[in-house]
Amino acid sequence: MNNDREQVELKKLLRDGFRSIEEEVDQNTPNLQWFEQLVSDRQEQLKARFRRDLIIFLLMAGCILTLFSLTLFQMPVLFLLLQIIIFMGASIFTGITYMKKVKRI
């Protein structure tokens, strides 16, 4: 008997709790035009970001290739020194990044 009464009270308590949650939640879904506008705005943002990233990439690639060709053909010693410095820098950066990841785990 006591168990049945507890179950009834629990059901009532749950029902009241869910009712208060349902009253607070807005169940209206936005209209189709809102979703279409959201998608088109997001696509425009992605296109703009892609164009910006592509321009930056092309400019950086052009600068790197120019420096590469100048140092390779005009100053081979500087080219070799630059290659050694870049290799060492990349190795140190990769090692530090790896160590930070390992320490986080």
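Refer to the structure above for everything that follows.
Residues numbered from 1 in each chain as written. Predicted model: local features only at pLDDT ≥ 70, side-chain atom pairs only at ≥ 80, totals over all residues. Heavy atoms only, no water.

Draft legend 1. How the structure looks around the pattern of salt bridges. Using the criterion set out here, one finds three salt bridges in the structure. Two residues, Arg5 and Glu9, come together in a salt bridge whose shortest N-O distance is 3.6 Å. Linking Arg5 with Glu9, this pair stays in helix 1 (residues 2–24), spanning four residues, or about one helical turn. Classification of Glu9 as partly exposed rests on a relative accessible area of 47%. The salt bridge involving Asp53 is made with Arg52; its shortest N-O contact spans 3.2 Å. Exposure remark for Arg52: the relative accessible area of 48% places this residue in the partly exposed category. (Salt bridge = Lys/Arg side-chain N within 4 Å of Asp/Glu carboxyl O. Helix = DSSP H or I, 4+ residues; strand = E, 2+ residues; numbered from the N terminus. Buried < 20%, exposed > 50% of the residue type's maximum accessible area, 1.4 Å probe, protein only.)

Draft legend 2. Looking closely at the environment of Phe68. Structurally, Phe68 is set in helix 2 (residues 32–74). Phe68 gets classed as partly exposed once you look at its relative accessible area, which sits at 38%. It is 83 Å that separates the C-alpha atoms of Phe68 and Arg5, two residues lying 63 residues apart in sequence.

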